[in-house]
Every structure is written in structure tokens, then in C-alpha cells.
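# Close look at the chain arrangement
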2 protein chains.
Amino acid sequence: MLFFTQCFGAVLDLIHLRFQHYKAKRVFSAAGQLVCVVNPTHSLKYAPTRCAAAQASTEQGLLPPCHHHEAVHDPQLVPCTCPLFSCPWEGHLEVVVSHLRQTHRINILQGAEIVFLATDMHLPAPTDWIIMHSCLGHQFLLVLRKQEKYEGHPQFFATMMLIGTPSQANNFTYRLELNRNQRRLKWEATPRSVLECIDSVISDGDCLVLNTSLAQLFSDNGSLAIGIAITTSKVHSAEAEM
Amino acid sequence: MLFFTQCFGAVLDLIHLRFQHYKAKRVFSAAGQLVCVVNPTHSLKYAPTRCAAAQASTEQGLLPPCHHHEAVHDPQLVPCTCPLFSCPWEGHLEVVVSHLRQTHRINILQGAEIVFLATDMHLPAPTDWIIMHSCLGHQFLLVLRKQEKYEGHPQFFATMMLIGTPSQANNFTYRLELNRNQRRLKWEATPRSVLECIDSVISDGDCLVLNTSLAQLFSDNGSLAIGIAITTSKVHSAEAEM
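Residues numbered from 1 in each chain as written. Chains lettered and ligands numbered in written order. Predicted model: local features only at pLDDT ≥ 70, side-chain atom pairs only at ≥ 80, totals over all residues. Heavy atoms only, no water.

Looking now at unusual backbone geometry. Here the bond from Ala 125 of chain A into Pro 126 of chain A is cis, since omega is 0°, no more than 30 degrees from zero. Residue placement: Pro 126 of chain A occurs in the loop between β6 (113-118) and β7 (127-135). Positive phi, close to 55°, is recorded for Leu 136 of chain B, a residue that is not glycine. Of note, Leu 136 of chain B is situated in the loop between β7 (127-135) and β8 (138-150). Among the residues examined, Leu 136 of chain B registers a relative accessible area of 45% and is labelled partly exposed. Backbone geometry at Gln 182 of chain B places phi at a positive 60°, although glycine is not the residue there. (Helix = DSSP H or I, 4+ residues; strand = E, 2+ residues; numbered from the N terminus. Buried < 20%, exposed > 50% of the residue type's maximum accessible area, 1.4 Å probe, protein only.)

Here it is, written out as C-alpha cells:
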């Protein structure tokens, strides 16, 4: 009996996901775009210590040491870049992706243009929606965060970070696009490196920022569809042509 | 002596305006775009009474009566649409433009694409930057407002309103674009009619919303350049083709 109940639950979940996928496809009608349903994770940490350390060492041109292992000062080691947890892991930049996939179960998607469908936008802050995006030979981390920068006034912050160095990040431009009800909002910028701190990007407001009211205007039944595209920077393309 | 001092002041102002004009041109490098320097006006009123009346009557399909003349119920008369002042004027929709120009000294610019250069972004809220834009046979009102929706946290709200009816407004799409430092933010929507209340558009957040930090990222020396473009709506264009 329990088995049948679980099967029925799984089928219902599948139908629900399929329905959300269909809705997102309808919004972003460009053929061939991959739609990924991303469920929220209630954030467990907002520890400023790692950020402060990461910021200081990035400014000095070093990779940040992990605050959990302050005795270790190997500049080749990177702390866990997952913004969700105070994770004690640290390792080389090349193995960050496999750590995020295996330990934090963050999905990875292929393709230059994808649609990120964040569900349950109504959940209280702080909440994160996270996915990895493999494109143009690199991996990017898309983070959508609901956070109360000002107490009692939650806002949504969306940004893209390269799993690579700041100088590699300068070679790319990312675009986030919301499109619903005859309204369209586009944000284009250079991705930050995961060696910089996601928390400082958000506190600086240097990302796509949505008030709750604007997020509701773009949401459909509690889900927010964000179209994502990554291109190589024009400046660098022009330099490459010269 | 006073005459020479005034002349010198005027020349300095002219040089300053010319410099700001040049800067905005450099940002929006598309040839033929008209740049208009818009100085701020500290708002003198935020009376909700007119808005509530306007909203109720617009929902009923009537033109809003002016709250200063509550005895008058002629549905052909429109109160002053200038969001700056509690102006007792009322008149027909056709003469709103001349009232705004003559009484409130609001400039009017021609052209499908213009650049709105708002100066002195640092001034305390509430502050408005307003211009009229004549395009595609109609006049539009662009309003940039600095307002504290949440006490102590000023935000910038930018929207475009048609000096016409809501059904006329549905024929158009407006685009506001900020572009600086390898960052680009675009907002596209259907303009509202001036018969709807600007205050309610802003309180609904159904417009381009900028946090102070984001506004600073897009500002250059205290001025914010906003590229404006108006087109006829695709839906209506498609209908016209059928």
C-alpha cells in the first residue's frame, strides 16, 4: 500500500514538474531552449567571516583561504563556493564543480541559452535557488537569492558567477531576462568569479534586483522564469579579431 | 558688475550643460539621439486623495474628477496630470500638454529615441525628474521619481505615461535603458495613461525600480542617463497587418 502511495506521489510530482516546464516553455518560446525547474533551499548560513577573508585575499590577487581551516594557507586551495551552506570543504578550482554536484546535489545544464524556473517564490527569506550552467567551455553558477537587505522588505537578487578566476570571468557577458504580461526586464553584466563573495555582490546591489511587487508581476503561479544567455564579451571578441 | 557676474554664471551653466550633454552622447553612442538634460524638482505634494479618486473612476471607465473641485463631475474634464504639484487646474485631455508646458515649464522633446539625463541624483527624496516626449503622433510623460517607499531606503522609479486614454496607451511599448560600466538594464512595458495615477504605478512597483546602490552604479558624476524608445505594440501591429 505504502509503495502504491509513494508511486502515486512520484507521478503527481512528475506531472507538476512537466506542467511547470510547459509553462516556462510557453513564456520563453524560442525553440530549443532548455527549461530547468529549480527548487528553493532555505539558506543555513549567512556568515560574513568567509566573505571578508575571501574579499581581502581576492583584492590581494590570492585565492581565498577557507575560514574553517585557518591554519592552511595554500593559495591553490579554494573553499566551497556553494552559497547555501557553511561547508568545510576546500579544494582546487578544477574540482569545485564535482564537489557542488556530488555534495550539494546542484544540477548542471548544458547550452548557451537556458530557462531557469524558480519555484515557490513565496517562501520566506533567506532562500536560495541555485543551478550550474555549462557553456562555452566553462561552468557558471546562477544564484537567485531572496533576502531581507532591509528588515521586513525581502528582495530578490540574481547573479551569475564563473567557476574560474576573475580574469577568465572578464571574457564573458551574461544576460538575465524576465518576460511576462507585456513587460520585459533585462540585466546584462560581466559575471563575477566564484573567488569573489556572492554575499558582497548582493550587498553591493551589483546584480539583477527585484522588489517583491515586481517579482510577483513576473511570476506565474508562484514560479519565476528567468531566461539566461551567456556570450563572450564584445571587447575581447574584438581584440581576438585584431 | 552684477551684470557681468550673472553673464559669467550663465556661461558657466552653459558649459556645464554642454559637458553633461557630451557625456550622455558618449554613453548612448547611437547617432542622431537627442540628449535632454533634466533638472530635478523637489516634490511639493504626495496627496493620496486625488489618486484614490482617479483610480476608482478609471476602473469604472470614467475620467477622474479633480479632487479640488469635487462639485464638478464633467467626465470630459481631466485634473492636472503633473505629478509635481497639487495643481487646481482641470481641462480637456487635448489641452493637458499646453498646460504642462506653460504652467509647469515641462520641456517637450521630439523623436522616437531620446536620452533623458537626470542630474543631481543625490538630492533627498521625494524628488521628481519630468519631461514630455512627442513621438508617433502622441505625447508621453516620462517621470523619474526618487521616493522612500520604505522609510530610510530611497529608491528610484521610472515610468512612461501616455497623455491619452488607457486604450490608446495599449497601442505602444516603451523601453528604458541604462548602460554603463559593462552593465545594461532594460525595462520594456506598455505605457500607462495619465488618467491612471502615477503614485499608484509607483506603489505597485510596476515600473523600472532602482535601489540607490544600482542607481549609483549607472550614474556618472551624479547624473543618470536613461535611453528612451517608443514603438507601436507588436500585438497591435500584427492585428493591423491581418
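Next up on the list: the nonpolar core. If you look at the biggest cluster of nonpolar residues, it comprises 107 residues, and the most contacted ones within it are Phe 116, Leu 144 and Leu 185 of chain A together with Phe 116, Leu 144 and Leu 185 of chain B. Among all residues touching Leu 144 of chain A, those that are not within four sequence positions of it are Phe 116, Ala 118, Met 121, Thr 127, Asp 128, Trp 129, Phe 156, Phe 157, Ala 158, Leu 224 and Ile 226 of chain A. (Core = buried A, V, L, I, M, F, W, Y, C linked by side-chain atoms within 4.5 Å. Contact = heavy atoms within 4.5 Å.)

With that settled, the discussion passes to the environment of Asn 170 of chain B. All names here are of chain B. By secondary structure assignment, the location of Asn 170 is in the loop between α4 (166-169) and β10 (172-180). Taking relative accessible area as the criterion, Asn 170 reaches 39% and is therefore assigned partly exposed. Asn 170 sits 19 residues away from Ala 189 along the chain, and the two C-alpha atoms are 9.8 Å apart.

So, about the packing of aromatic side chains. Residues and elements named next belong to chain A. Applying the stated criterion across every chain yields a total of six aromatic pairs over all chains. Centre to centre, the rings of Phe 140 and Phe 172 are 5.3 Å apart; their planes meet at 85°, and the pair counts as edge-to-face. One end of the pair, Phe 140, is in strand β8 (residues 138-150); the other, Phe 172, is in strand β10 (residues 172-180), with 32 residues separating them in the sequence. Summarising the burial analysis for this pair, Phe 140 and Phe 172 share the class buried. (Phe/Tyr/Trp six-rings, centres within 6.5 Å; stacked < 30°, edge-to-face > 60°.)

This part takes up the pattern of salt bridges. Within this structure, the stated rule accounts for 18 salt bridges over all chains. Residue Arg 180 of chain A pairs with Asp 220 of chain A through a salt bridge whose shortest N-O separation is 3.6 Å. Note that Arg 180 of chain A is positioned in strand β10 and Asp 220 of chain A in the loop between α6 (212-218) and β14 (224-232), a separation of 40 residues in sequence. Here Arg 180 of chain A falls in the partly exposed class, since its relative accessible area comes to 22%. A salt bridge links Arg 145 of chain B to Asp 199 of chain B, with the shortest nitrogen-to-oxygen separation between them at 2.7 Å. Of this pair, Arg 145 of chain B sits in strand β8 while Asp 199 of chain B sits in helix α5 (residues 198-204); the two residues are 54 residues apart in sequence, bridging distant segments of the chain. (Salt bridge = Lys/Arg side-chain N within 4 Å of Asp/Glu carboxyl O.)

Right, let's get into the UniProt feature "domain: Seven-in-absentia protein TRAF-like" (unreviewed entry) in chain A. Under the UniProt annotation, "domain: Seven-in-absentia protein TRAF-like" (unreviewed entry) lies at residues 134-228 of chain A. For the annotated span residues 134-228 of chain A, helix accounts for 19% and strand for 55% of the residues, and the straight-line distance between the end C-alpha atoms is 12 Å. (UniProt positions renumbered as here; feature names shortened; annotations may be inferred.)

With that out of the way, let us pick up the interface of chain B and chain A. Accessible area lost when the parts come together is the quantity often used to give the size of an interface. The interface of chain B with chain A comprises 26 residues on the first partner and 26 residues on the second. In total, about 2,200 Å² of surface goes out of reach between chain B and chain A, with carbon and sulfur atoms giving 47% of it. There are four salt bridges connecting chain B and chain A. Across the pair Arg 184 of chain B and Glu 188 of chain A runs a salt bridge, and its minimum N-O distance is 3.6 Å. Our enumeration of links across chain B and chain A arrives at nine residue pairs in polar contact (both at pLDDT 80 or more). Per-element accounting of the side of chain B that touches chain A gives the leading share, seven residues, to strand β11 (residues 183-189) of chain B. Among the residues forming the side of chain B that touches chain A, the class breakdown is ten nonpolar, seven polar and nine charged. Bridge count between strand β11 (residues 183-189) of chain A and β11 of chain B: five bridges; the pairing is antiparallel. (Buried area = accessible area lost by both parts, 1.4 Å probe. Polar contact = N/O pair within 3.5 Å; in protein donor to acceptor, adjacent residues only side chain to side chain. Nonpolar A, V, L, I, M, F, W, Y, C, P; charged D, E, K, R; others polar. Pairing = 2+ DSSP bridges.)

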